[in-house]
Amino acid sequence: MPSPRVLIADDQELIRTGFRLILTARGIDVVGEAADGAEAVAAEQRLRPNVVLMDIRMPTMDGLEATRRILEHGARCRVLMLTTFDLDRYVYAALAIGASGFLLKDVTADHLAAAVRLVDTGDALLAPSITRRLVQRFASADRSAGDGPTPAVHRDLAALTPRELEVLTLLGRGLSNTELAQALTLSEATVKTHVARIFAKLALRDRAQAVVLAYETGLVTPGDT
């Protein structure tokens, strides 16, 4: 696999420098840096990275708006959000609009490099317990209040077969493909086929959006296991 091309967007120069050193030392190409969201949007268009490490809280334009602008124009890159707090409303909003996961800023060097390589393959970076708590905290409240983020997903589940609805429900509960196969008594290859069809039918980018969608449509509710 070719090395992913990475753009680092963070208003703290020390963070950008540290992440650059960590990634380049592990054979990952850092193609650029940005100090705010507006710079990140411009740099993504100019440099075409595979992965953007995007700080949520930045001046001029925050990471959420920058992510929205990057992804709504059909960019093929993946966005990993950087945050100080694991249960952050802005992280939930970012997942809803298409970010592929999030990292805490105190992430270890090896975890940072592994996360970049993972999302570059097209997978989502989900720590199931944290992501599930995050979505539980904000999805229901935003839906009832009517002021939540507008997800970049198709909400009509009518196109799914009963089996695909079952798979999406379990995806929303944080199950891996291996766990899905065990729960449904299917092969992993069959599970992957179902997952791929769900993503195609609902225009989902990855598992992060699948989790958000499962909660927002009521397939999964807080407390489900």
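Note that residues are indexed from 1 along each chain, following the sequence as it is written. This being a predicted model, a pLDDT of at least 70 is required before a residue's local features are given, and a value of 80 or more before pairs of side-chain atoms are given or counted; all residues contribute to the totals for chains, interfaces and linings. Water and hydrogen atoms play no part in the side-chain values, which are based on all heavy atoms of the structure.

1. What about the nonpolar core?
Stated precisely, the cut-off is as follows: Here, nonpolar core means buried Ala, Val, Leu, Ile, Met, Phe, Trp, Tyr and Cys residues that are tied together by side-chain atoms lying within 4.5 Å of each other. A 1.4 Å probe rolled over the protein chains alone gives each residue an accessible area, and that area as a share of the maximum for its type sets the label: buried under 20%, exposed over 50%, partly exposed in between. Strands here mean DSSP runs of E at least two residues long; helices mean DSSP runs of H or I at least four residues long; both are numbered from the N terminus. Residue contacts are counted whenever heavy atoms from the two residues lie within 4.5 Å of one another.
Among the nonpolar cores identified, the biggest contains 29 residues, and A9, V52, M54, I70, V79 and M81 are the most heavily contacted of them. The set of elements that each furnish at least two residues to this core consists of β1 (5-9), α2 (37-47), β3 (51-55), α3 (63-72), β4 (78-83), α4 (89-97) and α10 (207-216). It is α4 that provides the largest number of residues to this core, a total of 7 residues. Discounting chain neighbours no more than four positions away, the residues touching M54 are A9, A40, G63, A66, T67, I70, V79, L80, M81 and L82.

2. A look at the confidence of the model for the protein
This is how it is decided: Within a predicted model, pLDDT stands for the predictor's per-residue confidence, ranging from 0 to 100.
Mean pLDDT over the protein works out to 84, with 81% of the residues at or above the 70 mark. Contacts from residues 148-154, a stretch scored under 50 in pLDDT, to residues over four places away or in other chains number 21 contacts.

3. Details of α4
The buried fraction of α4 amounts to 7 of the 9 residues, a majority that puts the element mostly inside the structure. Every buried residue of α4 is accounted for by V91, Y92, A93, A94, L95, A96 and I97. Looking one or two residues beyond α4, the residue adopting positive phi is G98, at roughly 125°.

4. Some words on the pattern of salt bridges
Formally: Counted as salt bridges are all cases of a side-chain nitrogen of Lys or Arg within 4 Å of a carboxyl oxygen of Asp or Glu.
Inspection of every chain in the model, using the stated rule, returns 10 salt bridges. Between R48 and E44 there is a salt bridge; the shortest N-O distance is 3.6 Å. According to the relative accessible area criterion, E44 is buried, its value standing at 4%. Taken together, the shared-partner salt bridges connect D10, D55 and K105 into one network.

5. What about the sheet that holds β1?
For clarity, the threshold we go by: The pairing criterion for strands is at least two bridges between them, as found by DSSP. Axis lines are fitted to C-alpha atoms, over the contacting stretch for helices. Their N-to-C directions set the angle, which ranges from 0 to 180 degrees.
Taken together, the 5 strands give an open sheet; going across it, the order is β2-β1-β3-β4-β5, and neighbouring strands pair in parallel fashion. Looking at which strands have only one partner, the edges of the open sheet turn out to be β2 (29-34) and β5 (102-104). Direction aside, the axes of adjacent strands within the sheet are offset by 25° on average. Bridge count between β4 and β5: 3 bridges; the pairing is parallel. The residue of β5 that forms the bridge with T83 is L104.

6. Here we look at the packing of helix α7 (residues 162-172) against helix α8 (residues 177-184)
Axes are the key here: two packed helices are described by the angle between their axes and the distance separating the axes. Worth spelling out the cut-off: Every angle not falling under 35 degrees, over 145, or within 65 to 115 is termed oblique; those three ranges are roughly parallel, roughly antiparallel and roughly perpendicular. By the definition used in this description, the sense in which the near helix is turned from the far one sets the handedness, with an anticlockwise turn below a right angle giving left-handed and a clockwise turn giving right-handed. For this classification, Asp, Glu, Lys and Arg are treated as charged, while Ala, Val, Leu, Ile, Met, Phe, Trp, Tyr, Cys and Pro are nonpolar and the rest, including Gly, are polar.
Two numbers describe how α7 lies on α8: the axes approach to 10 Å, and their chain directions differ by 130°. The orientation of α7 with respect to α8, classified from their angle, is oblique. Considering the relative orientation of α7 and α8, their crossing is right-handed. Along its contact with α7, which presents R163, E166, V167, L170 and L171, the element α8 presents L180, A183 and L184. Among the residues making up the contact of α7 with α8, the classes are represented as 6 nonpolar, no polar and 2 charged.

7. A few points about α3
Our working definition: Read the arc as the range of directions from the helix axis to the C-beta atoms. Here a polar contact means two N or O atoms within 3.5 Å. Within protein one must be a hydrogen donor candidate and the other an acceptor candidate, and residues neighboring in sequence count only if both atoms are side-chain atoms.
Within α3 the residues assigned to the buried category are G63, L64, A66, T67, I70 and L71. Along the axis of α3, the buried residues cluster in a sector spanning 160°; they form a single face. On the buried face of α3, the contacting elements are α2, β3, β4 and α4. Where α3 begins, one side-chain oxygen reaches toward the backbone nitrogen of L64, 3.2 Å away; that side chain belongs to D62.

8. So, the environment of I22
Mapped onto the secondary structure, I22 falls in helix α1 (residues 13-25). Between the C-alpha atom of I22 and that of L112, which follows or precedes it by 90 residues, the distance is 8.1 Å. In contact with I22, not counting residues within four places along its chain, are A109 and L112.

9. Topic: the environment of G37
Counting through the fold element by element, G37 comes out in helix α2. Looking at G37, the relative accessible area reads 0%, which means it is buried. Taking the C-alpha atoms as reference, G37 lies 7.2 Å from A9; in sequence the two are 28 residues apart. Sequence-distant contacts of G37, defined by excluding residues within four places in its chain, comprise M58, P59, M61, D62 and A66.

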